Amino acid sequence: PLLPPAQMCQTNGRVWDIAFYNNTWYLAGEFTQVRPSGAPVSGTGSLARSGLAACDRTGAPLDWNPVVTHTTPANFTIQTLAVLTSTNTIYFGGRFTHVNGLARQNAAAVGAFSGNARDFAPALGANTKVNDIVLSADGAAAYLGGWFGAQAWTTSGAGARITAFAPVIRKSNNSSAGIVTALALT
């Protein structure tokens, strides 16, 4: 369905993904500040954010503020968002090492209203990057695509790998894993 007209808040950097849930716009990317719709860069109302932000339909930034960091700031990015409405959870992926001070390696989940980190913490390698996350229709699985190919993880608890889902995606010129940039479920 089409969404009613709305204004979008602004960031001081790239936005890679946007999700809309419960009259809130969620943004993911490479930015450190968010400000109201139409506000100048140097104006008042800018809030510090670490690659994730939420705004209401008028373009006003909300207090929702999960703190996402990377031990090497130059490597930091949040590429993708997915919303599990049944549990009010925002899943996201990219390159990062911590969420709200808790160790999370490139894929994590937070509360859609609180911003508090959930238990979801797939065991991805440090040198990976998650480019896309798609949730199964029943919300039980999170499919991740990235520098490691494609993998599936349970959305409950810390996220156990679903080994029955093991597509072999290889680069054509060697045997290393192919990079997946987008996923879709049918």
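The structure under discussion appears in the preceding block.
Overview of the overall build of the protein
1) Next: When you go through the protein residue by residue, the secondary structure sums to 0 helices and 15 strands.
2) Next: Here the C-alpha radius of gyration of the protein, 16 Å, is about what a compact globule of 186 residues would show, namely 16 Å.
3) Next: Expressed as lengths along the three principal axes of its C-alpha atoms, the size of the protein is roughly 50 × 35 × 30 Å.
4) Next: Classification of the 186 residues of the protein by burial places 45% in the buried group.
5) Next: By sequence separation, contacts in the protein at least 24 residues apart represent 43% of the contacts at least 6 residues apart.
6) Next: Of the roughly 9,100 Å² that the protein leaves accessible, carbon and sulfur atoms contribute 54%.

Some remarks on the side chain of Ser-136
1) Next: Tracing the backbone through its elements, the reader meets Ser-136 in the loop between strand E13 (130-135) and strand E14 (141-146).
2) Next: For Ser-136, a relative accessible area of 13% puts it in the buried group.
3) Next: Polar side-chain contacts of Ser-136 include one of 2.6 Å to the side chain of Asp-138.
4) Next: Among residues more than four places away in sequence, those in contact with Ser-136 are Ala-141, Tyr-143 and Leu-185.

Notes on the state of the cysteines
1) Next: Summed over the entire model, instances satisfying the criterion amount to 1 disulfide.
2) Next: Paired by a disulfide, Cys-9 and Cys-55 hold their sulfur atoms 1.6 Å apart. Judged by the sign of its S-S torsion, about 65 degrees, the bond between Cys-9 and Cys-55 is right-handed. You can see Cys-9 sitting in the segment before strand E1 (10-11) and its partner Cys-55 sitting in strand E6 (residues 52-56), a full 46 residues away along the chain.

Side note on the side chain of Thr-11
1) Next: Tracing the chain through its elements places Thr-11 in strand E1.
2) Next: For Thr-11, a relative accessible area of 15% translates into the label buried.
3) Next: Within the local environment of Thr-11, its side chain forms a polar contact with the backbone oxygen of Gly-13, the two atoms lying 2.8 Å apart.
4) Next: Discounting chain neighbours no more than four positions away, the residues touching Thr-11 are Leu-27, Phe-31, Gln-33, Val-34 and Arg-35.

Observations concerning the sheet that holds strand E10 (residues 98-99)
Hydrogen bonds between backbone groups are what pair the strands of a sheet, and the pairing can be parallel or antiparallel.
1) Next: Here 3 strands make up an open sheet; going across it, the order is E7-E10-E11 and the pairing antiparallel. Looking at the sheet topology across the chains shown, the edges are occupied by strand E7 (68-69) and strand E11 (102-103).
2) Next: Where E10 lies against E11, 2 bridges are found, and the strand directions are antiparallel. When the bridges of E11 are listed, Val-99 appears paired with Leu-102.

Remarks on the pairing of strand E3 (residues 24-30)
1) Next: A large share of E3 lies buried, amounting to 6 of its 7 residues.
2) Next: In this sheet, E3 lies alongside strand E2 (residues 14-21) in antiparallel orientation, the contact comprising 7 bridges. Counted as the bridge partner of Phe-20 is Trp-25 from E3.
3) Next: Strand direction decides the pairing type here: E3 and E6, joined by 5 bridges, are antiparallel. Looking at the pairing, Trp-25 lines up with Cys-55 of E6.

With respect to the environment of Gly-139
1) Next: Among the secondary structure elements, Gly-139 is positioned in the loop between E13 and E14.
2) Next: For the pair Gly-139 and Thr-155, spaced 16 residues apart in the sequence, the C-alpha separation amounts to 7.1 Å.
3) Next: Not counting residues up to four positions away in its chain, the partners in contact with Gly-139 are Leu-84 and Thr-155.

Examining the sheet that holds strand E8 (residues 77-84)
1) Next: Strand order in the open sheet formed by 3 strands is E8-E9-E12, and the pairing between neighbours is antiparallel. The outermost strands of the open sheet, each flanked by one partner alone, are E8 and strand E12 (107-111). Recorded for the sheet is a direction-independent mean angle of 25 degrees between the axes of neighbouring strands.
2) Next: Relative to E12, strand E9 (residues 89-95) is paired through 5 bridges, and the arrangement is antiparallel. From the neighbouring strand, Gly-93 faces E12, where its bridge partner is Ala-107.

Analysis parameters
- Residues numbered from 1 in each chain as written.
- Predicted model: local features only at pLDDT ≥ 70, side-chain atom pairs only at ≥ 80, totals over all residues.
- Heavy atoms only, no water.
- Helix = DSSP H or I, 4+ residues; strand = E, 2+ residues; numbered from the N terminus.
- Rg over C-alpha atoms; globule rule 2.2 N^0.38 Å.
- Buried < 20%, exposed > 50% of the residue type's maximum accessible area, 1.4 Å probe, protein only.
- Contact = heavy atoms within 4.5 Å.
- Areas by Shrake-Rupley, 256 points an atom, 1.4 Å probe, with all protein chains shown as cover.
- Polar contact = N/O pair within 3.5 Å; in protein donor to acceptor, adjacent residues only side chain to side chain.
- Disulfide = S-S within 2.5 Å.
- Pairing = 2+ DSSP bridges.
- Axes fitted to C-alpha atoms, helices over the stretch in contact; angles between N-to-C directions.

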